[in-house]
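Next come the chains, spelled out residue by residue.
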Amino acid sequence: QVQLVESGGGLVQPGGSLRLSCAASGYFFSISTMGWYRQAPGKQRELAATITTGGTTNYADSLKGRFTITRDNAKNTVYLQMNSLKPEDTGVYYCNARIFRLGGSSDYWGQGTQVTVSS
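If you're wondering where the values come from, they're calculated on a predicted model, not measured in any experiment. (Residues numbered from 1 in each chain as written. Predicted model: local features only at pLDDT ≥ 70, side-chain atom pairs only at ≥ 80, totals over all residues. Heavy atoms only, no water.)

*Asks:* Please set out the pairing of strand β5 (residues 46-51) residue by residue, giving values where relevant.
*Replies:* Sheet topology note: the strand β4 (residues 30-39)/β5 ladder contains 5 bridges and is antiparallel. By the bridge assignment for β5, Trp36 is matched with Ala49. Linkage of β4 to β5, two consecutive antiparallel strands, is achieved through a turn of 6 residues, within which Gly42 is found at a positive phi near 75 degrees. (Pairing = 2+ DSSP bridges. Helix = DSSP H or I, 4+ residues; strand = E, 2+ residues; numbered from the N terminus.)

Following this line, the structure appears as structure tokens:
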């Protein structure tokens, strides 16, 4: 019943920017921490950024200063503004959300959106 729908991925040149969006829909009480994870080809999934309901953020060290995570609690949506993109940022980006329902809390994942940084 809970679905995370991502959008905003695409192909950009090095130094370019993209803005990813992830909207949660369905039946649930509330959303706690939301975040973005990414997986480069042939590598393990890794954390990119997270944000709490109150706005506290956490970034991977390599992304600090380039990526910005924000959220709109009223819209159940989290965003990832990606600037100064590098080829090594290429990968599938997955939205994650900890969601509270009647039975408790669970982590949900989006389907992933492809980000390709290439000249």
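*Asks:* So what's going on with the sheet that holds strand β8 (residues 77-82)? Which residues, and what values?
*Replies:* The antiparallel open sheet is built from 4 strands, whose spatial order is β1-β3-β8-β7. Two strands lie at the open edges of the sheet, namely β1 (3-7) and β7 (67-72), each paired on one side alone. Within the sheet, the average angular offset between the axes of one strand and its neighbour, ignoring direction, is 15 degrees. Sheet topology note: the β1/strand β3 (residues 18-25) ladder contains 5 bridges and is antiparallel. By the bridge assignment for β3, Val5 is matched with Ala23. (Axes fitted to C-alpha atoms, helices over the stretch in contact; angles between N-to-C directions.)

*Asks:* I'd like a rundown of the pattern of salt bridges, residues and numbers included.
*Replies:* A full pass over the atoms with the stated rule returns 5 salt bridges. With its nearest N and O atoms 3.0 Å apart, the salt bridge here joins Glu46 to Arg38. A residue is classified by how much of its surface remains accessible, and Glu46, at 39% relative accessible area, is partly exposed. The exposure class assigned to Arg38 is buried, which follows from its relative accessible area of 9%. The partner of Arg66 in a salt bridge is Asp89, with the nearest N and O atoms 2.8 Å apart. Separated by 23 residues along the polypeptide, Arg66 in the loop between β6 (57-59) and β7 and Asp89 in the loop between β8 and β9 (91-101) bring together distant segments of the chain. (Salt bridge = Lys/Arg side-chain N within 4 Å of Asp/Glu carboxyl O. Buried < 20%, exposed > 50% of the residue type's maximum accessible area, 1.4 Å probe, protein only.)

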